[in-house]
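Topology and contacts: notes
Residues per chain, in single letters:
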Amino acid sequence: MPAIRLDIQDAAELTEMLQFIKDWITGSDDAKASFAHFVGSPGYDVADLCADIDKFAFLLGGNDGEHLLT
């Protein structure tokens, strides 16, 4: 697989956007219900989305990955 280069400012901005989405989707029961309705399947829920966001943010250097160990 070829290497993909990402400018550090772009990585930081992408990490902030991912955190914004995570905060938004976990901010209320209405947001969680809306996400569940949008996905339309119980196979992928808010917890799964948050875990994926945390993994991606870690890969971008946006966090230390500590919460991935729990």
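Residues numbered from 1 in each chain as written. Predicted model: local features only at pLDDT ≥ 70, side-chain atom pairs only at ≥ 80, totals over all residues. Heavy atoms only, no water.

**Re the nonpolar core**
Membership of the largest hydrophobic core is limited to nine residues, which are Ala11, Leu18, Ile25, Phe35, Val46, Leu49, Cys50, Ile53 and Leu60. For this core, the secondary-structure elements that each account for two or more residues are helix 1 (8-25) and helix 3 (46-59). Of the residues forming this core, the biggest block, four residues, is contributed by helix 3. (Core = buried A, V, L, I, M, F, W, Y, C linked by side-chain atoms within 4.5 Å. Buried < 20%, exposed > 50% of the residue type's maximum accessible area, 1.4 Å probe, protein only. Helix = DSSP H or I, 4+ residues; strand = E, 2+ residues; numbered from the N terminus.)

**Some points on the environment of leucine 6**
Relative to the elements of secondary structure, leucine 6 occurs in the segment before helix 1. With 54 residues separating them along the chain, leucine 6 and leucine 60 place their C-alpha atoms 9.0 Å apart. Apart from residues no more than four positions distant in its own chain, leucine 6 is found in contact with Ala11 and Leu60. (Contact = heavy atoms within 4.5 Å.)

**A look at the confidence of the model for the protein**
With 90% of its residues at a pLDDT of 70 or more, the protein shows a mean pLDDT of 88. Averaged pLDDT values for the elements of the protein fall to 91 in helix 3 and rise to 93 in helix 2 (residues 29-39). (pLDDT = per-residue confidence, 0-100.)

**What to know about the packing of helix 1 against helix 3**
Direction vectors running N to C along helix 1 and helix 3 enclose 165 degrees, while the axes themselves pass 10 Å from each other. When the axes of helix 1 and helix 3 are compared, the pair comes out roughly antiparallel. The handedness of the crossing between helix 1 and helix 3 comes out as left-handed. Side by side, helix 1 and helix 3 meet where Leu14, Thr15, Leu18, Ile21, Lys22 and Ile25 of the first sit next to Val46, Leu49, Cys50, Ile53, Asp54, Phe56 and Ala57 of the second. Broken down by class, the residue content of the contact of helix 1 with helix 3 amounts to ten nonpolar, one polar and two charged. (Axes fitted to C-alpha atoms, helices over the stretch in contact; angles between N-to-C directions. Parallel < 35°, antiparallel > 145°, perpendicular 65-115°, else oblique. Left-handed = near helix turned anticlockwise from the far one by under 90°. Nonpolar A, V, L, I, M, F, W, Y, C, P; charged D, E, K, R; others polar.)

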